[in-house]
Every structure is written in structure tokens, then in C-alpha cells.
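Below, each chain spelled out in residue letters.
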Amino acid sequence: MIPSIACPRGLDIRRLAEKTLCSLRICLLALEGRGPVFKLFPSTMRAELGLNDHHQNEVINYMRFARSKRGLRLKTVDSCFQDLKDSRLVEETFTIDEVTEMLDGLQTVVHSEVESELINTAYTNVLLLRQLFSQAEKWYLKLQTDISELENRELLEQVAEFEKAEFTSSNKKPNSELIKPKLAPLNEGGSELLNKEITRLQEENEKLKTRLKTIETQATSALDEKSKLEKSLKDLQMIQGDQKINITKDISELEDTVSALRCQFEKTLNDSTANQKFLEENLVTTKHDLLKVQDQLSMAEKELEKKFQQTAAYRNMKEILTKKNEQIKDLRKRLSRYEPDD
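What to know about the packing of aromatic side chains
Enumeration according to the criterion identifies one aromatic pair in this entry. With a centroid separation of 6.2 Å and 45 degrees between ring planes, the pair formed by Y62 and F65 is classed as tilted. One end of the pair is Y62 and the other is F65, both in helix 2 (residues 53-88) and three residues apart, which spans about a single turn. Of note, R67 hangs over the ring of F167, and the distance from its end group to the ring centre comes to 4.7 Å.

A few points about helix 3 (residues 96-138)
With 43 residues, helix 3 ought to run about 63 Å at 1.5 Å a step, and its terminal C-alpha atoms sit 62 Å apart, in line with that. Once helix 3 ends, the next one or two residues include Y140, with phi positive near 60 degrees.

Quick word on the confidence of the model for the protein chain
Residues with a pLDDT of 70 or more make up 77% of the protein chain, whose mean pLDDT is 77. In the model of the protein chain, strand 1 (residues 39-41) stands out as the element of lowest mean pLDDT, 34, in contrast to helix 3, which has the highest, 89. Contacts of residues 171-189 to residues separated by more than four positions or lying in other chains number 27 contacts, the stretch itself having pLDDT below 50.

Some points on the pattern of salt bridges
Pairs can form between side chains of opposite charge once their charged atoms are near each other. Per the counting criterion, the structure on display carries seven salt bridges. Linking E163 and R67 is a salt bridge whose minimum nitrogen-to-oxygen distance equals 2.9 Å. Taken together, the positions of E163 in helix 4 (residues 153-168) and R67 in helix 2 put the pair 96 residues apart, joining distant regions of the chain. The partner of R200 in a salt bridge is E204, and the shortest N-O contact between them spans 3.4 Å. Of this pair, R200 and E204 are both found in helix 5 (residues 187-239), four residues apart, which corresponds to roughly one turn of the helix. In this structure E204 comes out as partly exposed when scored by relative accessible area, which is 37%. Salt bridges here are not isolated pairs; linked through shared partners, they connect R67, R70 and E163.

What counts, and at which threshold
- Residues numbered from 1 in each chain as written.
- Predicted model: local features only at pLDDT ≥ 70, side-chain atom pairs only at ≥ 80, totals over all residues.
- Heavy atoms only, no water.
- Phe/Tyr/Trp six-rings, centres within 6.5 Å; stacked < 30°, edge-to-face > 60°.
- Helix = DSSP H or I, 4+ residues; strand = E, 2+ residues; numbered from the N terminus.
- Lys NZ or Arg CZ within 6 Å of the ring centre and 35° of its normal.
- Expected span 1.5 Å × (residues − 1).
- pLDDT = per-residue confidence, 0-100.
- Contact = heavy atoms within 4.5 Å.
- Salt bridge = Lys/Arg side-chain N within 4 Å of Asp/Glu carboxyl O.
- Buried < 20%, exposed > 50% of the residue type's maximum accessible area, 1.4 Å probe, protein only.

This is the structure in C-alpha cells:
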């Protein structure tokens, strides 16, 4: 005989729901601007989560939703065991292989159901966080969650105590005050407040601009008046000034000018003397260079003439000229025979 198999009520579904409530509570506390603390009121023996009434009611609604989903999933698990009892436990004795086969099949079915519920719960938590974050982003808020708080056993036990106090004290009957509508998007309200704030800032900005223009006008007028007064003062000083100081100043300026001209003349004279001396030295050097070049040119001409005389063309030309000169002399002698002397 197989002993009766009880449904495992201690599944992690309850713990996962408690962790989700912790995460939801942390986000709501962040929206309210408070820390993650719990308050306990002994007079009513009702555990509260440290939230305002609206947010606490939303948590209760989510817990009611999670309890209903958990109950349905546990019923599904119970039905898996009941189906096994009704379909397979029809005999009084079973072999080890048959028991192993039945348990493996039951394990597969229960594993699939629990996995499906855990995945669905995780996705549901993501959608819930998405709603909170979307509403926070409309107000330009950045929420932060502490994942380590989800494993805090003390907080999880307090959430369990809160669930027990809420759903067992009233025999699990929903309180009309706790049934609230879903968190409404803050589109209209948020936009209206933002528009009012923008309008107020724009009006304040316009007032500041007007005030700035007024101050600038006053400052410009003050500067103009100051300039006029300074100009009048200067004119008065020029009219009623001390002529002796002006004459002394003119004499000093004239002496400075004469001194500057004298220095400039002396400098020019020194420069001229130095320039003349330099030109004379340069002229002597140039003459020496000219004589040297002429000497080199004369030597080069002589050398060229000597080289030219040593060439065959020069020797041939010289022989031809010598012959021509002899012929001319001979012709002159002949001509002198035929021409009598006067």
C-alpha cells in the first residue's frame, strides 16, 4: 500500500508573494519619501506597513489578488494529486517500478504547475513595478529598490503577520473601505500641476526681466549723469586751472624735446662718422681688390696670348702674314722702280 501523499502547502509561492509585497512596499515608501520601517499598534493588534492609507489599501488589494491566485494554483496542485489517486490507486498493492513511475509523473505535473505559477508571478511583479515606475517618471522621480531587503526574514514575517491580521480578523471578508480603484495614471493631475508650476515660473521670470530692465535703465541714467559731471569738472579745471603749472609743464616738455633732439643729432652725427669711416675703408679695400683683379686679368691675358701663340693656327697665320708682308715689300720695291722720285 502507498501511504497517503499530502499536498505540499509550504511551497515557495507564498514566500514569493511576500517578497513581492516587500518590493511593492519599498517602492511606495520611496514615493512617500520615508524609510522602510514598520509600525505596530498594540491597541488594535493590527500590523501596518508604515504607508499612508491609500498605499496600504493598494497593498491589501494586491495581497487579495495574490491570495486568490495562490488558492487557485494550490487547488490545481491538489487536483493533480487527486487525479493520481482516482486514476492509478485502484489496487491495493504496487511494485516499486509502478510507484516510481507514478511519482515521476506526479513530479512532472507538479513541477510544471509550480514553474508556471512562479513565472506568472514574476511577470506580474514586473508589470506592477512598471506601473509604479511609470507614475514616478511622470513626476521626474527616480525610484530605487533594495533587492537585499527581499530576503530579510524579519520583514517577510512582518508581511505574513500583516496578511494574517488583515484576512483572518474579518473572516476574510473584504472591507468596503479597503476596496479602492486601481492606481490612476497621473497624466491630467500631473500635467496640470506641472503647467501651473511652469506658468508660475514664467510669470516670475517676466517679473525678474522687467525688474532687470528697470535696474539697467537706472544704471544707464546714473552712468550718463556721472559722465556729465566728470566732463563738467574737467571743463572747470581747464578754465580755472593753475597757469603756472601748465607753463612749467610746457617748459618741461620743451626741455625734454630739445634734449631728445640733441641726443638724436649726436646719434646721427656719430652714425655718419662711423658710416664715412666704413665707406673709406670699404673704398680702400675695393681699390685693392680692383688692382688685384686687374693684375690677375693681365696675367690671364698674357697666359692666354702665350697659349694662343703656341697653337698651330697661330703659327700658320703668322707664316701667312710673314709671306704677305714680304710680298708687299717686294711689290713696293717694284713699284718704286716705275715711279720716279719728285
